[in-house]
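Fold and geometry: a report
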Amino acid sequence: MAEYKELLKLIDRTRLPQHIAIIMDGNGRWAKKHNRRRIEGHLEGAKAIRRVVRFCGEIGIKILTLFAFSTENWNRPKREIQALMNLLYKFLKEETNNLRKNNIKLVVSGQVERLPSKVRAELSSSIDGTKENSGLILNLALSYGGREEIVRACREIAKQVCNRREKFKDINEQFFNEYLYTSGLPDPDLLIRTSGEFRISNFLLWQIAYSEIYVTPVLWPDFNRRDLLLALIDYQRRERRFGRVKSG
Ligand code: FPP
């Protein structure tokens, strides 16, 4: 606790990343390490989500995007998918009140239509119940894949151009952004991946062009406030040049 307070003092509140994105990896390894079933790893992972969301809200992060279920995760054993969907359903049912109370607005990125109907219903009611909130935006990436998102945007733009609702000459990067699931959100400043893998795994391929990447060996279920502070301290030590040369 003492160390945590010391770390907190190192954070410059005026230079926080506006948008943090997290690849929450390592639930399965956590379960294996503790001789538990994979689903118990996911259960602990859900607790870590609650911790991190609360902390981001408290310190003043504007947007938190969490990779909760990828398009590739549909290829996992049916039992695991079902368990993850049940967990998601429970999470939404139990957390909506807290989100509302803590001024957190829930949004979603991904193929919502592929989710089970009871999850979709809970998701809509959480989104609707928190839409007026002005604090942290919690963006859950669900059935999300970066390549799918880009192809979907291209198809939609092509359709609009064919129907003459958009003009070919208007297509530029800013325009393209508006056709992504993350339309309206700024790109992540900081991308965190837990469990030590140096991979992007089809997450936010377009949006992370200039994100700072931080990889920690900590398994997601163990990820806590201290680990997030370490990521923020590391981020604040970096010089972001966006392809330009150093000023001065
Ligand atoms: C990867 O662990 C994690 C996921 C499949 C996504 C994150 C899911 C949770 C945190 C569970 C709860 C989610 C919600 C939204 C309530 P893994 O199984 O790939 O771990 P491994 O690589 O160690 O096997």
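One structure accompanies this document, and this report is about it. (Residues numbered from 1 in each chain as written. Predicted model: local features only at pLDDT ≥ 70, side-chain atom pairs only at ≥ 80, totals over all residues. Heavy atoms only, no water.)

**Looking at the overall build of the protein chain**
- Per the secondary structure count, the protein chain includes eight helices and six strands.
- In terms of overall dimensions, the protein chain is globule-like: its C-alpha atoms have a radius of gyration of 19 Å, near the 18 Å expected for 248 residues.
- Going through the 248 residues of the protein chain one by one, you find that 46% of them count as buried.
- Across the protein chain, contacts joining residues at least 24 apart in sequence account for 78% of those joining residues at least 6 apart.
- Accessible area for the protein chain stands at about 13,700 Å²; split by element, carbon and sulfur atoms hold 50% of it.
- The centroid of the 45 positive side-chain charges in the protein chain is displaced by 3 Å from the centroid of its 30 negative side-chain charges. (Helix = DSSP H or I, 4+ residues; strand = E, 2+ residues; numbered from the N terminus. Rg over C-alpha atoms; globule rule 2.2 N^0.38 Å. Buried < 20%, exposed > 50% of the residue type's maximum accessible area, 1.4 Å probe, protein only. Contact = heavy atoms within 4.5 Å. Areas by Shrake-Rupley, 256 points an atom, 1.4 Å probe, with all protein chains shown as cover. Lys, Arg positive; Asp, Glu negative; His and termini not counted. Charge placed at Lys NZ, Arg CZ, Asp CG, Glu CD.)

**Notes on the sheet that holds strand β1 (residues 19–23)**
- Spatial strand order, β3-β4-β2-β1-β5-β6: six strands in an open sheet with parallel pairing. Either end of the sheet is taken by a strand with one partner, and the two such strands are β3 (105–109) and β6 (212–215). Across the sheet, the mean angle from the axis of one strand to that of its neighbour is 20°, orientation sign disregarded.
- Sheet analysis places β1 next to strand β2 (residues 63–70), joined by five bridges and oriented parallel. Note that in β2 the partner of Ile-23 across the bridge is Phe-67.
- Most of the contacts of helix α5 (residues 117–130) go to β3, to which it runs at about 135°, and overall it touches β3 and β4 (137–144). (Pairing = 2+ DSSP bridges. Axes fitted to C-alpha atoms, helices over the stretch in contact; angles between N-to-C directions.)

**So, the environment of Phe-69**
- Looking at where Phe-69 falls in the secondary structure, it is placed in strand β2.
- Along the primary structure Phe-69 and Tyr-144 are separated by 75 residues, whereas in three dimensions their C-alpha atoms are 6.5 Å apart.

**Some remarks on the site of the ligand**
- Within the structure, the ligand sits among 19 residues, and Asp-25, Gly-28, Arg-29, Arg-38 and Arg-76 are positioned closest to it.
- Arg-29 places a polar main-chain atom, nitrogen or oxygen, 2.7 Å from an oxygen atom of the ligand.
- Arg-76 places a polar side-chain atom, nitrogen or oxygen, 2.8 Å from an oxygen atom of the ligand.
- When the ligand sits alone it has 620 Å² of accessible area, and the protein chains cover 91% of it.
- Taken together, the residues of the shell around the ligand sort by class into nine nonpolar, six polar and four charged. (Near = heavy atom within 4 Å. Polar contact = N/O pair within 3.5 Å; in protein donor to acceptor, adjacent residues only side chain to side chain. Nonpolar A, V, L, I, M, F, W, Y, C, P; charged D, E, K, R; others polar.)

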